[in-house]
Structures are given as C-alpha cells and as structure tokens.
Amino acid sequence: MALASLLLGASLLSACGNDAAPPSTFVLLDGSSQTTADLKGKVTLVNFWATSCTTCVAEMPDIVATYDKFKARGYETIAVAMQYDPPSYVVNFAETRKLPFKVAIDNTGAVAKAWGDVKLTPTTYVVNKQGEIVKRYVGAPDFSELHQLIEKLLAA
C-alpha cells in the first residue's frame, strides 16, 4: 500500500507545473563538474540509477539509444549514480558499456536530496531548455512517449 501511494504521489508530482531544476553540481567520472545552470539551453535527461538496480541496468541501452538519437540536436544526458553505489562499480559499468553521456557519482547524496529526495531507482527527470523539470518518471520510462516529449521540447 505504501508503494502504491508513493507511486501515485510520483505520478501526481509529474503532472504539476514546471518547477525549476534544483541548483546542483554533478561530479563527473573524469573529475570535472557540471552544474544545473550549465544545462540551460539544452533538453536534458537526468537519470538517478545504481549498478545494483536491475531495472536501471536493463533500461541503460534505451537511455544510450535515446542519447544517440537526439545528441546532435541539443540533447544532453546525465546519469547520476546513487550515493550507496561503490564508485569502482560505477566506473566499471560506464567503461564496459561505453556509456556515451556524462556519468556523475552523488558521493554525498546531496544531488538526490535536492532533486526531491530521490530514493527509488531509476528515477528520471526531463528538463527543458529553460531549466524547468517537465516530467518525472519513477521506474523505466515509456521510451516512445519519452522520445515524443524530447522531440516536442527540442522543437520549442
């Protein structure tokens, strides 16, 4: 019952008006960082995931395909590994799967907290060019619906 109300709350949250993406600093695997402000002007997918999450691992090829499809048109992806995910696992996953987009490690949990206290993985946000969250998915997205949304946002 608690999960049902939690999921209902998540779907209600995604139906709300557009909220600004929270100010965050993403620490990337190469040691560089990117902030939420750096994303303005691009349509961005922010995916909270973990190497221990079977749904996250299963959806990753679709996230890669989505990135590859739209990257030339001003689309960005940041995969944020959860605080509890061992950094060596994240690096190994990103390297062996040749993830083509930015991968961040949320060492302190501050990013997940800022983005609505994310606890369930995968949780994915779609952010428009103005830096507003337009959609939140808890669990794997419907990728055909996601692609339609990205098309619409890129055209805006």
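Since the model is a prediction, treat every value here as computed from it, not as a measurement. (Residues numbered from 1 in each chain as written. Predicted model: local features only at pLDDT ≥ 70, side-chain atom pairs only at ≥ 80, totals over all residues. Heavy atoms only, no water.)

Notes on the sheet that holds strand E4 (residues 43-49)
What counts here: A pair of strands is considered paired only if DSSP assigns at least 2 bridges between the two. Strands here are runs of E lasting at least two residues and helices are runs of H or I lasting at least four, both read from the DSSP assignment and numbered beginning at the N terminus.
The strand order E1-E8-E7-E4-E5-E6 describes an open sheet built from six strands, whose pairing is mixed. At either end of the open sheet lies a strand with only one pairing partner, and these are strand E1 (19-20) and strand E6 (102-105). Sheet topology places strand E5 (residues 75-81) next to E6; four bridges connect them, and they run parallel. Its bridge partner lying in E6, Ile-78 is registered against Lys-102.

Some details on the state of the cysteines
Quick note on the threshold: Cysteine sulfur atoms that come within 2.5 Å of each other are treated as a disulfide pair. Per-residue accessibility, obtained with a 1.4 Å probe over protein chains only, is compared with the maximum for each type, and a residue is labelled buried under 20%, exposed over 50%, and partly exposed between these values.
This model, assessed by the stated rule, comprises one disulfide. The disulfide partner of Cys-53 is Cys-56, and the S-S distance across this bridge is 2.3 Å. In this structure, the disulfide formed by Cys-53 and Cys-56 twists by about 80 degrees around the S-S bond and is classed as right-handed. Neither Cys-53 nor Cys-56 differs from the other in exposure class; each is buried.

Side note on the environment of Lys-102
Cut-off, in case you're wondering: For this analysis, a polar contact is any N or O atom pair within 3.5 Å, provided that within protein one partner can donate a hydrogen and the other can accept it, and provided that sequence-adjacent residues contribute only side-chain to side-chain pairs.
Examined against the element boundaries, Lys-102 turns out to sit in strand E6. Given the relative accessible area of 26%, Lys-102 is considered partly exposed. A polar contact of 3.5 Å, which involves the side chain of Lys-102, links it to the side chain of Gln-34. Side chain to side chain, Lys-102 and Glu-76 meet in a polar contact 3.0 Å long.

Structural notes on the environment of Pro-86
Mapped onto the secondary structure, Pro-86 falls in the loop between E5 and helix H3 (87-96). Measuring from C-alpha to C-alpha, the distance between Pro-86 and Thr-51 comes to 8.6 Å, with 35 residues separating the pair along the chain.

Some words on the pairing of E4
For clarity, the threshold we go by: Crossover handedness is defined by viewing with both strands directed away from the observer: a clockwise path from the first strand over the helix to the second marks the crossover as right-handed.
Where burial is concerned, most of E4 is hidden: seven out of the seven residues are buried. Going residue by residue along E4, you find Val-43, Leu-45, Asn-47 and Trp-49 tucked away on one face and Thr-44, Val-46 and Phe-48 tucked away on the opposite face as well. Bridging between E4 and E5 involves seven bridges; their strand directions are parallel. In the strand pairing of E5, Trp-49 is matched with Ala-81. For the crossover from E4 across helix H2 (residues 54-70) to E5, the handedness is right-handed. Here E4 pairs with strand E7 (residues 123-127) via five bridges, running antiparallel. Of the residues in E7, the one forming a bridge with Val-46 is Tyr-125.

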